[in-house]
Amino acid sequence: VVSTQSTGGINAEYGTFTLPSKLNNQVCNDIVLTGRTFTGKEAEKIGVVVKSVPSRSMVLEESMTLASQIVTTTSPNATHETIKLLRKPYLDIMDSQLQLEAEAQARCFASNDFKIALASVKNKTLPVFD
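Since this is a predicted model, take the numbers as computed values, not measurements.

(A) Spotlight on helix H7 (residues 112–123). In this model H7 runs 16 Å from its N-terminal to its C-terminal C-alpha over twelve residues, within 8% of the 16 Å that 1.5 Å per residue would give. The N-capping residue of H7, defined by a side-chain oxygen 3.4 Å from the backbone nitrogen of Asp113, is Ser111. Directly beyond the C-terminal end of H7, a positive phi value near 55° is found at Lys124.

Below you can see the structure in the form of C-alpha coordinates.
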(Lines give C-alpha, C1' and ligand atoms only; values in the text may rest on other atoms or scores of the structure.)
Protein backbone atom coordinates (compact mmCIF):
# COMPACT_ATOMS: atom_id res chain seq x y z
CA VAL A 1 0.00 0.00 0.00
CA VAL A 2 1.33 3.40 -0.98
CA SER A 3 0.05 6.96 -0.98
CA THR A 4 -1.05 8.37 -4.34
CA GLN A 5 1.02 11.42 -3.35
CA SER A 6 4.24 9.39 -3.08
CA THR A 7 6.79 9.26 -5.83
CA GLY A 8 9.42 6.63 -6.27
CA GLY A 9 11.26 4.43 -8.68
CA ILE A 10 12.85 1.06 -9.04
CA ASN A 11 16.53 0.44 -8.49
CA ALA A 12 17.93 -1.19 -11.65
CA GLU A 13 19.44 -4.04 -9.63
CA TYR A 14 15.96 -5.08 -8.50
CA GLY A 15 14.32 -4.32 -11.80
CA THR A 16 15.94 -7.03 -13.88
CA PHE A 17 14.86 -9.76 -11.51
CA THR A 18 11.52 -8.68 -10.12
CA LEU A 19 9.84 -6.47 -12.68
CA PRO A 20 9.86 -8.75 -15.74
CA SER A 21 7.69 -11.25 -13.91
CA LYS A 22 5.24 -8.60 -12.73
CA LEU A 23 4.94 -6.07 -15.56
CA ASN A 24 4.56 -6.16 -19.29
CA ASN A 25 7.79 -5.84 -21.23
CA GLN A 26 7.23 -2.25 -22.41
CA VAL A 27 6.52 -0.91 -18.93
CA CYS A 28 9.43 -2.88 -17.46
CA ASN A 29 11.84 -1.55 -20.09
CA ASP A 30 10.59 2.00 -19.57
CA ILE A 31 11.12 1.91 -15.82
CA VAL A 32 14.44 0.04 -15.74
CA LEU A 33 16.12 1.71 -18.71
CA THR A 34 15.06 5.29 -17.96
CA GLY A 35 15.19 5.16 -14.17
CA ARG A 36 12.17 7.44 -14.10
CA THR A 37 10.06 7.91 -11.02
CA PHE A 38 6.32 7.45 -10.82
CA THR A 39 3.48 8.28 -8.47
CA GLY A 40 1.75 5.91 -6.09
CA LYS A 41 -1.32 6.01 -8.32
CA GLU A 42 0.74 4.92 -11.34
CA ALA A 43 2.50 2.26 -9.24
CA GLU A 44 -0.92 0.73 -8.54
CA LYS A 45 -2.03 1.05 -12.17
CA ILE A 46 1.04 -0.77 -13.52
CA GLY A 47 1.04 -3.41 -10.78
CA VAL A 48 4.08 -2.43 -8.72
CA VAL A 49 1.94 -2.07 -5.59
CA VAL A 50 -1.35 -3.67 -4.58
CA LYS A 51 -3.16 -0.48 -3.67
CA SER A 52 -2.74 3.27 -3.45
CA VAL A 53 -4.61 5.48 -1.00
CA PRO A 54 -5.23 9.26 -1.15
CA SER A 55 -2.91 10.28 1.71
CA ARG A 56 0.19 9.07 3.51
CA SER A 57 -1.71 9.05 6.78
CA MET A 58 -3.94 6.29 5.36
CA VAL A 59 -1.12 3.92 4.33
CA LEU A 60 -0.65 2.23 7.70
CA GLU A 61 -4.39 1.95 8.32
CA GLU A 62 -5.01 0.34 4.92
CA SER A 63 -2.01 -1.98 5.33
CA MET A 64 -3.36 -3.12 8.69
CA THR A 65 -6.79 -3.71 7.15
CA LEU A 66 -5.27 -5.94 4.46
CA ALA A 67 -3.15 -7.80 7.02
CA SER A 68 -6.20 -8.27 9.23
CA GLN A 69 -8.12 -9.80 6.33
CA ILE A 70 -5.32 -12.32 5.84
CA VAL A 71 -4.91 -13.34 9.47
CA THR A 72 -8.63 -13.58 10.22
CA THR A 73 -9.52 -15.69 7.19
CA THR A 74 -6.55 -18.07 6.86
CA SER A 75 -4.71 -20.30 9.30
CA PRO A 76 -1.14 -19.25 10.13
CA ASN A 77 0.27 -22.51 8.74
CA ALA A 78 -1.68 -22.18 5.49
CA THR A 79 -0.57 -18.56 5.12
CA HIS A 80 3.07 -19.46 5.76
CA GLU A 81 3.02 -22.40 3.34
CA THR A 82 1.24 -20.40 0.66
CA ILE A 83 3.76 -17.57 0.89
CA LYS A 84 6.63 -20.09 0.57
CA LEU A 85 5.02 -21.62 -2.52
CA LEU A 86 4.35 -18.23 -4.08
CA ARG A 87 7.99 -17.17 -3.60
CA LYS A 88 9.64 -20.46 -4.55
CA PRO A 89 9.91 -19.89 -8.32
CA TYR A 90 11.68 -16.59 -7.68
CA LEU A 91 13.97 -17.94 -4.99
CA ASP A 92 15.03 -20.83 -7.21
CA ILE A 93 16.39 -18.51 -9.88
CA MET A 94 17.35 -15.49 -7.77
CA ASP A 95 20.93 -16.61 -7.10
CA SER A 96 21.68 -17.15 -10.78
CA GLN A 97 20.04 -13.85 -11.74
CA LEU A 98 22.01 -11.96 -9.08
CA GLN A 99 25.22 -13.56 -10.38
CA LEU A 100 24.37 -12.44 -13.93
CA GLU A 101 23.68 -8.92 -12.67
CA ALA A 102 26.98 -8.82 -10.76
CA GLU A 103 28.87 -9.90 -13.88
CA ALA A 104 27.07 -7.31 -16.00
CA GLN A 105 27.83 -4.57 -13.47
CA ALA A 106 31.52 -5.54 -13.43
CA ARG A 107 31.66 -5.30 -17.23
CA CYS A 108 29.93 -1.90 -17.12
CA PHE A 109 32.27 -0.54 -14.42
CA ALA A 110 35.29 -1.66 -16.48
CA SER A 111 34.03 -0.01 -19.67
CA ASN A 112 34.95 3.29 -21.23
CA ASP A 113 31.26 4.28 -20.94
CA PHE A 114 31.62 4.28 -17.15
CA LYS A 115 34.58 6.65 -17.32
CA ILE A 116 32.66 8.94 -19.68
CA ALA A 117 29.62 8.91 -17.36
CA LEU A 118 31.73 9.72 -14.29
CA ALA A 119 33.44 12.58 -16.08
CA SER A 120 30.08 13.99 -17.16
CA VAL A 121 28.82 13.93 -13.58
CA LYS A 122 31.99 15.60 -12.34
CA ASN A 123 31.82 18.26 -15.06
CA LYS A 124 28.03 18.62 -14.82
CA THR A 125 27.58 17.93 -18.53
CA LEU A 126 25.66 15.37 -20.53
CA PRO A 127 27.72 12.30 -21.41
CA VAL A 128 28.76 11.75 -25.01
CA PHE A 129 29.40 8.07 -25.50
CA ASP A 130 31.68 6.70 -28.23
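(B) Structural view of the nonpolar core. Membership of the largest hydrophobic core is limited to eight residues, which are Leu19, Leu23, Cys28, Ile31, Val32, Phe38, Ala43 and Ile46. At the level of elements, helix H3 (25–34) and helix H4 (40–46) are the ones that each hand at least two residues to this core. Ranked by the residues each element gives to this core, the list is headed by H3, at three residues. Residue contacts for Leu23: discarding those within four places in its chain leaves Cys28, Ile31, Ile46, Gly47 and Val48.

(C) Inspection of unusual backbone geometry at higher detail. In the Ramachandran plot, Lys124 falls in the positive-phi region, its phi being about 55° despite a non-glycine side chain. Structurally, the position occupied by Lys124 is in the segment after H7. Assessed through its relative accessible area of 76%, Lys124 is described here as exposed.

(D) Summary view of the confidence of the model for the chain. When the pLDDT values of the chain are averaged, the result is 83; 92% of them are 70 or greater. Within the chain, the element-level pLDDT minimum falls on helix H1 (residues 12–15), averaging 61, and the maximum on H7, averaging 92.

(E) Region of interest: the pattern of salt bridges. Evaluated as defined, the whole model comprises four salt bridges. Here Glu62 and Lys51 are joined by a salt bridge, their closest N and O atoms 2.9 Å apart. Within this pair, whereas Glu62 is found in helix H5 (residues 59–73), its partner Lys51 is found in the loop between H4 and strand S4 (52–53), the two being separated by eleven residues in sequence. Glu62 sits in the buried class, given a relative accessible area of 17%.

The rules behind the values
- Residues numbered from 1 in each chain as written.
- Predicted model: local features only at pLDDT ≥ 70, side-chain atom pairs only at ≥ 80, totals over all residues.
- Heavy atoms only, no water.
- Helix = DSSP H or I, 4+ residues; strand = E, 2+ residues; numbered from the N terminus.
- Expected span 1.5 Å × (residues − 1).
- Polar contact = N/O pair within 3.5 Å; in protein donor to acceptor, adjacent residues only side chain to side chain.
- Core = buried A, V, L, I, M, F, W, Y, C linked by side-chain atoms within 4.5 Å.
- Buried < 20%, exposed > 50% of the residue type's maximum accessible area, 1.4 Å probe, protein only.
- Contact = heavy atoms within 4.5 Å.
- pLDDT = per-residue confidence, 0-100.
- Salt bridge = Lys/Arg side-chain N within 4 Å of Asp/Glu carboxyl O.

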